Amino acid sequence: MNNEVICTVLDSEPVERSGEFDGRDGEKISYTTRKQKAKLEVGGFAYPYDVRLEDGQKPYATGRYQFDIASMMNVNKGVASLGKFTVLSALPGAK
């Protein structure tokens, strides 16, 4: 069984969204999100996916990548979860 999670980046230009919201103490908090349209392929199925980029992170070129699960993994109180920012690695043999 192949357990790879393949991510195909469909657009090299990130979609950026900014805004503000009220914090707990009434202060205005600004935010910016940057995402790239992609699809995930796992277990023979494909799913729409947004690659979320950290502030200042260079966008990924279009193409096929492998999820870098070890770099995305967080463990808290014995519970494993993936971080909110995607980390992709070039597929072996990809140029």
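Scroll up for the structure.
Here goes a summary of the coordinates provided. Only a predicted model underlies this, so the values are computations on that prediction, with no experimental measurement involved.

Some words on the overall build of the protein
A count of helices and strands for the protein gives one helix and eight strands. Sequence-ordered secondary structure for the protein, helices as α and strands as β, is β-β-β-β-β-α-β-β-β. Relative to the compact-globule value of 12 Å for 95 residues, the protein shows a C-alpha radius of gyration of 16 Å, a clear excess of over 25%. C-alpha atoms of the protein, sized along the principal axes, occupy 50 × 35 × 20 Å. Expressed as a percentage of the 95 residues in the protein, the buried residues total 21%. Here the contacts in the protein between residues at least 6 apart in sequence split such that 47% fall between residues at least 24 apart.

Let's talk about the packing of aromatic side chains
Between two aromatic rings, the relevant description is the distance of the centres plus the angle of the planes. A full pass over the atoms with the stated rule returns three aromatic pairs. A ring pair is formed by Tyr 60 and Tyr 65, whose centres lie 5.4 Å apart and whose planes are at 65°; its orientation type is edge-to-face. Of the two residues examined, Tyr 60 and Tyr 65, each falls in the buried class.

Some thoughts on a nonpolar patch on the surface
On the surface, a nonpolar cluster with roughly 340 Å² of combined accessible area is contributed by Ile 69, Met 73, Val 75 and Leu 82. Looking at the element boundaries, Met 73 is found in strand S6 (residues 73-76). In this structure Met 73 comes out as partly exposed when scored by relative accessible area, which is 36%.

What to know about the environment of Glu 4
Relative to the helices and strands, Glu 4 resides in the segment before strand S1 (6-9). As for Glu 4 and Ile 69, which are separated by 65 residues in sequence, their C-alpha atoms are 9.8 Å apart. If we ignore the near neighbours within four places in the chain, the residues touching Glu 4 are Glu 41, Val 42 and Gln 66.

Points about the nonpolar core
Judged by nonpolar contacts, Val 5, Cys 7, Val 9, Ala 38, Leu 40, Val 51, Leu 53, Tyr 60, Tyr 65, Phe 67, Met 72 and Leu 88 together constitute the single largest core of 12 residues. Listed by contribution, the elements that provide at least two residues to this core are S1, strand S3 (28-42), strand S4 (45-53) and strand S5 (63-67). The residues touching Leu 53, leaving out its near neighbours within four places in the chain, are Pro 14, Arg 34, Gln 36, Lys 58, Pro 59, Tyr 60 and Phe 85.

Reading the values: rules and limits
- Residue positions are given per chain, counted from 1 along the sequence in the order it is written.
- Where totals are concerned, whole chains, interfaces and linings use all residues; where local detail is concerned, this predicted model gives features only for residues with pLDDT of at least 70, and gives and counts side-chain atom pairs only at 80 or more.
- The side-chain numbers reported here are obtained from all heavy atoms of the structure, hydrogens and water having been left aside.
- Labels follow the DSSP assignment, with helices taken as runs of H or I lasting at least four residues and strands as runs of E lasting at least two, numbered in each case from the N terminus.
- Radius of gyration means the value over C-alpha atoms here, while the globule rule gives 2.2 Å times the residue count to the 0.38 power.
- Buried residues are those whose accessible area, probed at 1.4 Å on protein chains only, stays under 20% of the maximum for their type, while exposed residues exceed 50% and partly exposed ones sit between those limits.
- Contacts were defined at the residue level, with two residues in contact if any of their heavy atoms lie within 4.5 Å.
- The criterion for an aromatic pair is that two Phe, Tyr or Trp rings (for Trp, the six-membered ring) have centres within 6.5 Å, with stacked assigned to planes under 30 degrees apart, edge-to-face to planes over 60 apart and tilted to the rest.
- Patch definition: residues with relative accessible area over 30% and no salt bridge; like charges joined within 9 Å; nonpolar side chains (Val, Leu, Ile, Met, Phe, Trp, Tyr) joined within 5 Å.
- Computed by Shrake-Rupley with a 1.4 Å probe, the accessible areas treat only the displayed protein chains as cover when residues are assessed.
- Salt bridges are defined by distance alone: a side-chain nitrogen of Lys or Arg within 4 Å of a carboxyl oxygen of Asp or Glu.
- Buried Ala, Val, Leu, Ile, Met, Phe, Trp, Tyr and Cys residues that are joined via side-chain atoms within 4.5 Å together make up what is termed a nonpolar core.

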